[in-house]
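Structural overview for review
Listed here are the chains, written in short residue letters.
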Amino acid sequence: MSLFTELKNIQKEIDSTCFTDDQVSFCFCCDMVSMDLSDLNPLKEILVKNKVIASDDVVTLTKVDAPTEDVESICEEWHFKEKITSELSHIVENADGYYRIWADGTYASYGYLWSTCRLLQKGNEFYLLEFYICD
């Protein structure tokens, strides 16, 4: 099974069991991003399309020092079941890179009010992991 298929299966499972608190749902989606670390434009295009950032924001990446702890913390905040947390932790643990996404402009002014994004690298494939809240 490909990593993207694995991530999409996790997405489907979260969709069917997502935690809802006072009509606010804690969700997850993933996108495969055709890019390399020297050109972040494809990543930016997806973030703009998903309305995470504005088109004039500049995107940068920061490598996460403790990737497993980071994803487990997000999963806890998003109220994911232990099985999902375990699956995502395993994927992140075996990744070649795991990055926090930063954008200036709109992001610097307002922050990700409804979305937390990470970029996962496995070989020369990249996956946008978006943990988001909707009402």
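For the rest of this paragraph, the subject is the overall build of the protein chain. The helix and strand tally for the protein chain stands at five helices and six strands. When the elements of the protein chain are put in sequence order from the N terminus, they spell out α-β-β-α-β-α-α-β-α-β-β. Taken against the 2.2 N^0.38 rule, which gives 14 Å for 135 residues, the C-alpha radius of gyration of the protein chain at 14 Å falls within 12% of a compact globule. Projected onto its principal axes, the C-alpha coordinates of the protein chain cover approximately 35 × 35 × 25 Å. For the protein chain, contacts bridging at least 24 residues in sequence account for 62% of all contacts bridging at least 6. For the protein chain, the accessible surface area stands at approximately 7,400 Å², while carbon and sulfur atoms represent 48% of it.

Within strand E4 (residues 97–103), five of the seven residues are buried, which leaves it mostly tucked inside the rest of the structure. Across five bridges, strand E3 (residues 59–63) lies against E4 in antiparallel orientation. Across the sheet, residue Thr60 finds its bridge partner in E4, namely Trp102. Sheet topology note: the E4/strand E5 (residues 115–122) ladder contains four bridges and is antiparallel. Along E5, the bridge assignment pairs Tyr99 with Leu119.

Right, let's get into the confidence of the model for the protein chain. Summarising the model, the protein chain shows a mean pLDDT of 89, and 93% of its residues fall at 70 or more. Within the model, the stretch residues 108–112 combines pLDDT values under 50 with nine contacts to residues more than four positions away or in other chains.

Next up on the list: the packing of helix H1 (residues 3–17) against helix H4 (residues 82–93). Contact geometry for H1 and H4: axes closest at 11 Å, N-to-C directions at 160°. In terms of orientation, H1 and H4 fall into the roughly antiparallel class. Here H1 runs over H4; the crossing is left-handed. Taking contact as the criterion, the partners of Leu3, Glu6, Leu7, Ile10, Glu13, Ile14 and Thr17 in H1 are, on H4, Lys83, Ile84, Glu87, Leu88 and Ile91. Each residue belonging to the contact of H1 with H4 can be placed in one class, and the counts come to seven nonpolar, one polar and four charged.

Scoring rules and cut-offs
- The residue numbers shown here count from 1 along each chain, following its written sequence.
- Local features are withheld for residues below a pLDDT of 70 in this predicted model, meaning they are given only at 70 or higher, and side-chain atom pairs are given and counted only at 80 or more; totals for whole chains, interfaces and linings count all residues.
- The basis for every side-chain value is the complete set of heavy atoms in the structure, and neither hydrogens nor water enter the calculation.
- Note on conventions: DSSP H or I runs of at least 4 residues are helices, E runs of at least 2 residues are strands, and numbering of each starts at the N terminus.
- With the radius of gyration taken over C-alpha atoms, the globule rule is written as 2.2 Å times the number of residues to the power 0.38.
- Contacts: residue pairs with any heavy atoms within 4.5 Å of one another.
- Only the protein chains shown count as cover for residues, and the accessible areas themselves come from Shrake-Rupley with a 1.4 Å probe.
- Only protein chains enter the accessibility calculation, which uses a 1.4 Å probe; a residue is then buried when its area is under 20% of its type maximum, exposed when over 50%, and partly exposed in between.
- DSSP bridges decide pairing: two strands pair if at least two such bridges lie between them.
- pLDDT runs from 0 to 100 and stands for how confident the predictor is about each residue.
- A fitted line through C-alpha atoms represents every axis, and for helices the fit uses only the stretch in contact; the resulting angles, taken between N-to-C directions, go from 0 to 180 degrees.
- Roughly parallel covers angles under 35 degrees, roughly antiparallel covers those over 145, roughly perpendicular covers 65 to 115, and oblique covers all other angles.
- Note on convention: the crossing is left-handed when the near helix lies turned anticlockwise from the far helix by less than a right angle, right-handed when the turn is clockwise.
- When residues are grouped by polarity, Ala, Val, Leu, Ile, Met, Phe, Trp, Tyr, Cys and Pro land in nonpolar, Asp, Glu, Lys and Arg in charged, and all others, Gly among them, in polar.

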